[in-house]
Amino acid sequence: QVQLVESGGGLVQAGGSLRLSCAASGRTFSSYAMGWFRQAPGKEREFVAAINWSGGRTYYLDTVKGRFTISRDNAKNTVYLQINSLKPEDTAVYYCAADRQAFRVRVTTASSEYDYWGQGTQVTVSS
């Protein structure tokens, strides 16, 4: 059974930064791409960022490019999301997720392609 545990969320003022972490266990972490999604109140869950199994490829939602950075440490079975220049519209519950397919060549933004999800961590940005 794969377990994903997020941490690092919190309340921050606009312009601030946070670093989210997601610790994985239960299968070979380094074989799978990882993604971050978020869901704001009253909105559907949306893709934010993804990183392939080796860490060599990343992909971002257009509105977070330049502010968010996804990375992974396969030795620690952990994926990170560095969030800078936070805006009130970034307020959401952030979820990490694990790709269902090992060694996928291109990262996917489709939530249906991720088969394990964390419990989420709340990020609240005050103006």
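In the block above lies the structure referred to throughout.
Quick caveat: nothing in here was measured; it's all calculated off a predicted structure.

Reading the values: the criteria
- Residues numbered from 1 in each chain as written.
- Predicted model: local features only at pLDDT ≥ 70, side-chain atom pairs only at ≥ 80, totals over all residues.
- Heavy atoms only, no water.
- Helix = DSSP H or I, 4+ residues; strand = E, 2+ residues; numbered from the N terminus.
- Rg over C-alpha atoms; globule rule 2.2 N^0.38 Å.
- Buried < 20%, exposed > 50% of the residue type's maximum accessible area, 1.4 Å probe, protein only.
- Contact = heavy atoms within 4.5 Å.
- Areas by Shrake-Rupley, 256 points an atom, 1.4 Å probe, with all protein chains shown as cover.
- Lys, Arg positive; Asp, Glu negative; His and termini not counted.
- Charge placed at Lys NZ, Arg CZ, Asp CG, Glu CD.
- Core = buried A, V, L, I, M, F, W, Y, C linked by side-chain atoms within 4.5 Å.
- Salt bridge = Lys/Arg side-chain N within 4 Å of Asp/Glu carboxyl O.
- Pairing = 2+ DSSP bridges.
- Disulfide = S-S within 2.5 Å.

The subject of this paragraph is the overall build of the protein chain. A count of helical and extended segments in the protein chain gives zero helices and eleven strands. For the protein chain, the α and β elements follow one another from N to C terminus as β-β-β-β-β-β-β-β-β-β-β. Computed over C-alpha atoms, the radius of gyration of the protein chain comes to 13 Å, within 12% of the 14 Å expected from 2.2 N^0.38 for 127 residues, which places it in the range of a compact globule. Principal-axis analysis of the C-alpha atoms places the extent of the protein chain at approximately 40 × 30 × 25 Å. Burial analysis of the protein chain (127 residues in total) assigns 44% to the buried set. Put simply, 59% of the contacts in the protein chain that link residues at least 6 apart link residues at least 24 apart. Of the accessible surface of the protein chain, which amounts to about 6400 Å², a share of 45% is contributed by carbon and sulfur atoms. Here the protein chain carries 14 positive and 10 negative side-chain charges, and the mean point of each set is 4 Å from the other.

The biggest cluster of nonpolar side chains holds 28 residues, and the ones touching the most others in it are Trp-36, Leu-81 and Tyr-94. Broken down by secondary-structure element, the contributors of at least two residues to this core are β3 (18-25), β4 (32-39), β5 (46-51), β7 (68-73), β8 (78-83), β9 (92-102) and β11 (121-126). Dropping the residues within four chain positions of it, Tyr-94 is found in contact with Glu-6, Leu-20, Trp-36, Phe-37, Arg-38, Val-48, Phe-68, Leu-81, Ile-83, Gly-120, Thr-121 and Val-123. Counting residues in hydrophobic clusters, the runner-up holds six residues, among them Phe-47, Ala-50, Ala-97 and Val-107.

What follows concerns the pattern of salt bridges. All chains considered together, the criterion is met by seven salt bridges. Of the charged contacts in the structure, one is a salt bridge between Glu-46 and Arg-38, with a shortest N-O distance of 2.6 Å. Within the structure, one salt-bridge network assembled from shared partners comprises Arg-38, Glu-46, Arg-67 and Asp-90.

Let's shift gears to the environment of Pro-41. Structurally, the position occupied by Pro-41 is in the loop between β4 and β5. Owing to a relative accessible area of 72%, Pro-41 belongs among the exposed residues under this scheme. C-alpha separation for the pair Pro-41 and Ala-75, spaced 34 residues apart in sequence, amounts to 35 Å.

Turning next to the pairing of β5. Along any regular strand the residues' side chains alternate between the sheet's two faces. For β5, a buried count of five out of six residues is recorded, marking the element as mostly surrounded by other parts of the structure. Remark: six residues form the turn of the hairpin made by β4 and β5, two consecutive strands paired antiparallel; Gly-42 in that turn has positive phi of roughly 75°. Counted between consecutive antiparallel strands, the loop separating β5 from strand β6 (residues 58-60) contains six residues, among which Gly-55 sits at a positive phi close to 90°.

Turning our attention to the state of the cysteines. Under the defined criterion, the tally for this structure stands at one disulfide. Each sulfur of the disulfide joining Cys-22 and Cys-96 lies 1.9 Å from the other. The sign of the 45° torsion about the S-S bond sets the Cys-22-Cys-96 disulfide as right-handed. Highlighted residues: Cys-22 in strand β3 and Cys-96 in strand β9, separated in sequence by 74 residues. For Cys-22, a relative accessible area of 0% gives the class buried.

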